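# Remarks on the overall topology
As a plain string of letters, each chain reads:
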Amino acid sequence: MANPSLLILAGDGIGPEVMAEVRKVIDWFGANRNLAFDVSEDLIGGAAYDAHGVPLSDETMARAQEVDAVLLGAVGGPDYDNLDFSLKPERGLLRIRKEMDLYANLRPAQCFDALADFSSLKPEVVGGLDVMIVRELTSGVYFGEPRGIHKEGNERVGINTQRYTESEIARVARSAFELARRRDNRVCSMEKANVMESGVLWREVVTEVHAAEYSDVELSHMYADAGAMQLTRWPKQFDVIVTDNLFGDLLSDLAAMLTGSLGMLPSASLGAPMANGRPKALYEPVHGSAPDIMGQGKANPIACILSFAMALRYSFDQGDEATRLEKAVEAVLADGLRTADLIGEEGRSPVSTSEMGDAIIAKLAESV
Ligand code: IPM
Ligand code: MG
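Sequence order as written defines residue numbering, which begins from 1 separately in each chain. Lettering for chains starts from A, numbering for ligands starts from 1, and both go in the order in which the items are written. In keeping with the model being predicted, local features are shown solely for residues with a pLDDT of at least 70 and side-chain atom pairs are shown and tallied solely at 80 or more, while totals for entire chains, interfaces and linings include all residues. To obtain the side-chain values, all non-hydrogen atoms of the structure were included, while hydrogens and water were left out.

### Structural notes on the nonpolar core
Nonpolar cores were defined as sets of buried Ala, Val, Leu, Ile, Met, Phe, Trp, Tyr and Cys residues, with membership established by side-chain atoms within 4.5 Å. Partly exposed residues are those whose accessible area sits between 20% and 50% of the maximum for their type, while under 20% is buried and over 50% is exposed, using a 1.4 Å probe and protein chains only. Grouped together as the largest cluster of nonpolar side chains are 73 residues, with contacts concentrated most on L71, L106, Y283, F308 and L325. Secondary structure counts use DSSP, requiring at least four H or I residues in a row for a helix and at least two E residues in a row for a strand, with both numbered from the N terminus. Among the elements that take part in this core, helix 10 (residues 302–314) stands out by supplying 10 residues, more than any other. In this document the domain limits rely on a domain assignment from an automatic tool or a database. Among the domains, domain 1 (1–109 + 262–368) and domain 2 (130–258) are the pair contributing at least three residues each to this core. What Y283 contacts, discounting residues up to four positions off in sequence, is A69, V70, L71, L72, S267, A268, L270, S307, M310, A311, Y314 and S315. Listed in part, the 19 residues of the second largest apolar core include M190, A224, I241 and L258. The contact definition used throughout considers only heavy atoms, calling two residues in contact when any of these lie within 4.5 Å.

Shown next as structure tokens:
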């Protein structure tokens, strides 16, 4: 049988640096675990704009539709700030999410023991934290029509539209309930049903899907603003949180910071199953392209490496190998290795991006 295929879109800023470490990890699994992938690379974001004048070419989009999984680095940078809105690097990312119909964005917020002291919250509040945010990714105010900026009389008006259909809400709710069944069996749904009709519908549909198909799972509801407050007050009350595109964007950055560093967190964006049974899938770190530190060996490759672990688990049914990789990351942190983003007051000296990658490979080697 042919090897499963991976398309790497490293993107901009620190994307290529962290992806170079992921390449080492992929190669290690090929050489040592009989898990070889056919890897190809292409451009997205500013890099694609520089080469083709668009943030994602039709050719790259078509390739992404054909592979078993896409691994993405990060997009964006100051060179592209003044481009027309439709050409900005972020539009490439939004296009690929939308056209692959990756409606369920899984963003785990897990606090590694070795980093509990590094969070801005008290260690007892975050130690052992393991929350999964499921963010709807292909609809809502990110994509709703009408949108735009137009003139009314002598002033400009900016418009975006929050729009959700029943089926869009139902499918992401199912993803959250399915995940909860494999975790602590609890889902909290967040919206603003007190002020938004789309929130009223969200709550109704989640409740209906729950009653009809998932009544064994514990379901609660929260207004998203109160949810943000509860996430900082006592985050361990949550297991799976399901929410819309914009609230999910905000809440996942907030949850990320509970764990100490945005440089630690992976994500999976999943769509409907393909003909081979695997879901359409894209894996990317939650962090951005960090142009201020690019090219200096300061970037933390862990979020991108853990995104590959999610690919092993959710696309390739290799949960044990995913756990092996996650344990290797944990072991390296327990040894005290830290990239620059994880250095606090204590005066340790940081390791570089590639030293971190090499240390993880060494732990993998010890694990077999
Ligand atoms: C994210 C990012 C993106 C988003 C940007 C880069 C378009 O913030 O993945 O969370 O808003 O979805
Ligand atoms: Mg974001």
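There's more to say after this.
### Thoughts on the environment of V18
Tracing the sequence through the fold places V18 in helix 1 (residues 15–32). Under the relative-accessibility criterion, V18 is labelled buried at 0%. Between the C-alpha atoms of V18 and C304, which are 286 residues apart in sequence, the distance is 6.5 Å.

### So, the site of ligand 1
Around ligand 1, the neighbouring residues are E90, R97, R107, R135, Y142 and D249. Contacts described as polar in this section are N or O atom pairs within 3.5 Å, which, within protein, must combine one atom able to donate a hydrogen with one able to accept it, while residues neighboring in sequence count only if both atoms come from side chains. Between an oxygen atom of ligand 1 and a side-chain N or O atom of R107, the distance comes to 2.8 Å. Contact distances for ligand 1 include 2.8 Å between an oxygen atom and a side-chain N or O atom of R135. Working definition of accessibility: Shrake-Rupley area with a 1.4 Å probe, residue cover restricted to the visible protein chains. Contact with the protein chains hides 74% of the accessible area of ligand 1, taken as 320 Å² for the molecule alone. Gly is placed with the polar residues, together with every amino acid not listed as nonpolar (Ala, Val, Leu, Ile, Met, Phe, Trp, Tyr, Cys and Pro) or charged (Asp, Glu, Lys and Arg). The residue makeup of the shell around ligand 1, split by class, is one nonpolar, no polar and five charged. For the shell around ligand 1, the two domains that each supply at least three residues are domain 1 (1–109 + 262–368) and domain 2 (130–258). Working definition: residue near molecule or strand if any one of its non-hydrogen atoms lies within 4 Å of it.

### Quick notes on empty space enclosed by the protein
A 1.4 Å probe that fits but cannot get out identifies a cavity on a 1 Å grid over protein atoms alone, an open set with protein on both sides within 12 Å along at least five of seven lines counts as a pocket, and a residue lines either if it has an atom within 4 Å of a point. Grid points are joined across faces, edges and corners, and a volume is the space filled by probe spheres set on the points. Within the structure shown, the criterion is met by two cavities of 30 Å³ or more. The space that makes up the largest cavity amounts to roughly 60 Å³. Along the walls of the largest cavity sit Q162, Y164, E191, K192, M196, S198, G199, W202, D244 and F247, which together make up its complete lining. Per-element accounting of the lining of the largest cavity gives the leading share, three residues, to helix 7 (residues 197–213).

### Points about the packing of aromatic side chains
In this scheme Phe, Tyr and Trp rings, the latter by its six-membered ring, pair at centre separations within 6.5 Å, and the angle between planes marks the pair as stacked below 30 degrees, edge-to-face above 60, and tilted otherwise. What the rule picks out here adds up to seven aromatic pairs. Relative to F308, the ring of F37 has its centre 5.8 Å away and its plane inclined at 80°; by these criteria the two rings are edge-to-face. Linking F37 in the loop between helix 1 and strand 2 (38–42) with F308 in helix 10, this pair joins segments that are 271 residues apart in sequence. Classification of F308 by relative accessible area gives buried; the value is 0%.

### Concerning the layout of surface pockets
By volume, the largest pocket amounts to about 540 Å³. Forming the walls of the largest pocket are 23 residues, and the residues nearest its centre are P108, Q110, D130, R313 and E326. Of all the secondary-structure elements, those providing two or more residues to the lining of the largest pocket are strand 4 (104–110), strand 5 (130–136), helix 10 and helix 11 (319–334). Residues belonging to the lining of the largest pocket are distributed by class as follows: 12 nonpolar, three polar and eight charged. Built from parts of two domains, the lining of the largest pocket gets at least three residues from each of domain 1 (1–109 + 262–368) and domain 2 (130–258).

### Some remarks on the pairing of strand 9 (residues 218–223)
Only when DSSP finds a minimum of two bridges between them are two strands counted as paired. Relative to strand 9, strand 8 (residues 186–191) runs parallel, the two sharing six bridges. By the bridge assignment, R186 is partnered in strand 9 with E218.

### Describing the domain arrangement of the protein
What the domain assignment lists for the protein is domain 1 (1–109 + 262–368) and domain 2 (130–258). Measuring from the centre of the C-alpha atoms in domain 1 to the corresponding centre in domain 2 gives 25 Å. With 19 residues of domain 1 at the contact, the number on the domain 2 side is 22 residues. Each of two parts loses accessible area, computed with a 1.4 Å probe, when they are put together; buried area is these two losses added. Carbon and sulfur atoms supply 59% of the area buried between domain 1 and domain 2, which totals about 1900 Å² over both sides. Considering only the surface of domain 1 that becomes buried against domain 2, Y103, R107 and A109 emerge as the three largest contributors, covering 34% of it.

### Digging into the pairing of strand 12 (residues 279–285)
Along strand 12, seven of the seven residues are buried, which leaves the element largely enclosed by surrounding structure. Here strand 12 shows a buried face lined by P279, A281, Y283 and P285 and a second buried face lined by K280, L282 and E284. Taken together, the two bridges between strand 3 (residues 69–74) and strand 12 define a ladder with parallel strand orientation. Bridging from a neighbouring strand, L71 pairs with Y283 of strand 12. Joining the antiparallel neighbours strand 11 (residues 266–273) and strand 12 is a turn of five residues, in which G277 adopts a positive phi near 90°.

### Considering helix 10
With 13 residues, helix 10 ought to run about 18 Å at 1.5 Å a step, and its terminal C-alpha atoms sit 18 Å apart, in line with that. Most of helix 10 sits inside the fold, with 12 of its 13 residues counted as buried. Listed in full, the buried residues belonging to helix 10 are I302, A303, C304, I305, L306, S307, F308, A309, M310, A311, L312 and Y314. Given a helix with a known number of residues, its expected span is that number minus one, times 1.5 Å.

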